[in-house]
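One letter stands for each residue in the lines below.
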Amino acid sequence: MKLCVSARLGAPEVAVLSVSSASFSFDLGVKMEKHCMGSQVKGVSTGTTILAAIFDGGVVIGSDSRASIGGEYVSSKTINKVIQVHDRIFCCIAGSLADAQAVTKAAKFHLSFHSVQMESPPLVIAAASVLKELCYKNKEELQAGFITAGWDTKNGPQVYVVALGGMLVRQPVTIGGSGSTFIYGYVDAKYKPNMTKEECLQFATNALALAMGRDNVSGGVANLVVITETGVEHVVVPGDKLPRFHDE
Amino acid sequence: MEKHCIDSQVKGVSTGTTILAAIFDGGVVIGSDSRASIGGEYVSSKTINKVIQVHDRIFCCMAGSLADAQAVTKAAKFHLSFHSVQMESPPLVIAAASVLKELCYKNKEELQAGFITAGWDTKNGPQVYVVALGGMLVRQPVTIGGSGSTFIYGYVDAKYKPNMTKEECLQFATNALALAMGRDNVSGGVANLVVITETGVEHVVVPGDKLPRFHDE
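Worth saying up front: this structure is predicted, and the values here are computed from it rather than measured. (Residues numbered from 1 in each chain as written. Chains lettered and ligands numbered in written order. Predicted model: local features only at pLDDT ≥ 70, side-chain atom pairs only at ≥ 80, totals over all residues. Heavy atoms only, no water.)

Once that is clear, we can look at the overall build of chain A. Secondary structure summary: chain A contains four helices and 14 strands in total. For chain A, the proportion of its 248 residues judged to be buried stands at 52%. Relative to all contacts within chain A whose residues are 6 or more apart in sequence, the contacts with residues 24 or more apart total 63%. Total accessible area on chain A is roughly 11600 Å²; 53% of this is exposed by carbon and sulfur atoms. (Helix = DSSP H or I, 4+ residues; strand = E, 2+ residues; numbered from the N terminus. Buried < 20%, exposed > 50% of the residue type's maximum accessible area, 1.4 Å probe, protein only. Contact = heavy atoms within 4.5 Å. Areas by Shrake-Rupley, 256 points an atom, 1.4 Å probe, with all protein chains shown as cover.)

Right, here's the structure in full:
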């Protein structure tokens, strides 16, 4: 499908995304893997664990690093699922990698254009809305969900979820992907509002390690990003440094 | 008798429940929720008992088709009491688990039920056995089952410790059941727990309004 982005003059706060129903052209030289080849069911989360959590003064967003085909072959052990869409805004992708990468590329372009028009950094909700528009308008073709996390001057740290059909919801902590089902109980029990940065990093690392331990199609390293007013910090926890639990 | 999952032909589908068992220092806690549902839409019973006593110190929890599970546990109960009379001693926990396993394995085409067996015997102390859908029998220190169990794998992996005290283990089990009931539509009601030790059996029922609440409730 072709994604066209156009902005109307005189109304810089409104940007229009239109989608034409041309056939899908995607001739990059790189092979993109689809997580879930056979499934036609909306709402199937595939092959990943992603999460984001707000702490006192910022937000932690993170994911595993495994990409797989059909649940049997690991096509990449070190893929990056935490994409930077602007200086203080990151998003995590779940579902079809190809769809997610296409959508985030379009969102990145759109956000930088919007930021130039507004002459200020974009709001986190703007980034989430861009993703939501793309997901909602193309819900028949796409199979990707997103967690958007970031910091802006207006609302501080925020986390938004864009689900498969295009729903946009703000939450203090959220998890996604196939591995997330195994850690709902852990996250419900252990997340506290207003944690310190270190507590939140430990919480996120533990949650990812637990999900990777139980989900076959999540694994590799834990990629975490800490976003605060002052800047962005990348934390990578390799597999052998992940926390181990009583049955390992 | 309700069948949890009328259309599913897929083996390994756990339906409509959360069950668990965990060993602590000196005994074992086994527990479940209390909801029975049809097709995921109608709650046919809010207070069903899924923790069945098959002998003095041996209990089992059932998951899957309630009808199949009740039939199997009735047969197992009879068989165990007969075995106990023949041996002139209380049955071993592994004997109870093996009886369930034989029934599940020999009838794997017709049955759709899984069990957690927990108990105490003089030979091996507290034990927990899992009999899975196809008839596999495995011994574990802690185990969870049913549809609600997927949501608490992380919690159980993180929070279970060997050699807890009885109170710690009860709190762990109550928390785990409460978390699963909070996220699984087809688990709910009260938390039915049974504590089995050398000295006896203690029933603990935690009603819905007394269950632990977490940050998002």
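Attention now goes to the UniProt feature "active site" (unreviewed entry) in chain A. Sites flagged by UniProt as "active site" (unreviewed entry) map to A:Thr48. Inspection of the secondary structure puts A:Thr48 in the loop between β2 (15-20) and β3 (50-55). (UniProt positions renumbered as here; feature names shortened; annotations may be inferred.)

Bringing the environment of A:Thr228 into the picture now. All names here are of chain A. Turning to its location among the elements, Thr 228 is positioned in strand β13 (residues 222-228). Under the relative-accessibility criterion, Thr 228 is labelled buried at 16%. Sequence separation of Thr 228 and Gly 156 is 72 residues, and the distance between their C-alpha atoms is 8.5 Å. Those residues in contact with Thr 228 that lie beyond four places of it in its chain are Phe 55, Gly 57, Gly 58, Arg 88 and Trp 151. There is a polar contact of 3.1 Å between the side chain of Thr 228 and the side chain of Thr 230. (Polar contact = N/O pair within 3.5 Å; in protein donor to acceptor, adjacent residues only side chain to side chain.)

This part covers the sheet that holds strand β8 (residues 89-95) of chain A. Residues and elements named next belong to chain A. One open sheet accounts for five strands, arranged β7-β8-β9-β10-β11; its pairing is antiparallel. Bordering the open sheet on either side are β7 (82-86) and β11 (168-170), each of which pairs with just one other strand. Recorded for the sheet is a direction-independent mean angle of 25° between the axes of neighbouring strands. The pairing of β7 with β8 spans four bridges and is classified as antiparallel. Residue pairing in the sheet places Ile 83 in a bridge with Cys 91 of β8. (Pairing = 2+ DSSP bridges. Axes fitted to C-alpha atoms, helices over the stretch in contact; angles between N-to-C directions.)

Take the interface of chain B and chain A next. Contact residues are listed per partner, giving 17 residues for chain B and 17 residues for chain A. In total, about 1600 Å² of surface goes out of reach between chain B and chain A, with carbon and sulfur atoms giving 63% of it. When the area that chain B buries against chain A is broken down by residue, the three leading residues are B:Phe151, B:Asp157 and B:His215, summing to 38%. At the junction of chain B with chain A, the criterion picks out two salt bridges. Counting the contacts that link chain B with chain A gives five residue pairs in polar contact (both at pLDDT 80 or more). Elements represented by at least two residues in the side of chain B that touches chain A include exactly α3 (153-159) and α4 (166-183) of chain B. (Buried area = accessible area lost by both parts, 1.4 Å probe. Salt bridge = Lys/Arg side-chain N within 4 Å of Asp/Glu carboxyl O.)

For the rest of this paragraph, the subject is the nonpolar core. Among the nonpolar cores identified, the biggest contains 88 residues, and A:Ile61 and B:Ile30 are the most heavily contacted of them. Not counting residues up to four positions away in its chain, the partners in contact with A:Ile61 are A:Leu51, A:Ala52, A:Val82, A:Phe90, A:Cys91, A:Cys92, A:Ile147, A:Ala149, A:Asn223, A:Leu224, A:Val225 and A:Ile227. Counting residues in hydrophobic clusters, the runner-up holds 26 residues, among them A:Ala100, A:Ala106, A:Ala127 and A:Phe146. (Core = buried A, V, L, I, M, F, W, Y, C linked by side-chain atoms within 4.5 Å.)

Okay, the environment of B:Val138 next. Residues and elements named next belong to chain B. Along the chain, the position of Val 138 falls in strand β9 (residues 137-139). Between the alpha carbons of Val 138 and Lys 101 there is a distance of 10.0 Å; along the sequence they are 37 residues apart. Non-local contacts of Val 138, meaning those with residues more than four positions away in its chain, are made with Val 128, Tyr 129 and Val 130.

Below, the discussion takes up the packing of aromatic side chains. Residues and elements named next belong to chain A. Taken as a whole, this structure holds eight aromatic pairs over all chains when the rule is applied. Measuring from centroid to centroid gives 6.2 Å for Phe 109 and Phe 113, while their planes differ by 15°, and the two rings are stacked. With a gap of four residues between them, Phe 109 and Phe 113 both fall in helix α1 (residues 97-118), about one helical turn apart. Judged by relative accessible area, which is 45%, Phe 109 ranks as partly exposed. For Phe 113, a relative accessible area of 39% puts it in the partly exposed group. Three or more aromatic residues joined by ring pairs form one cluster here, namely Tyr 186, Tyr 191 and Phe 203. (Phe/Tyr/Trp six-rings, centres within 6.5 Å; stacked < 30°, edge-to-face > 60°.)

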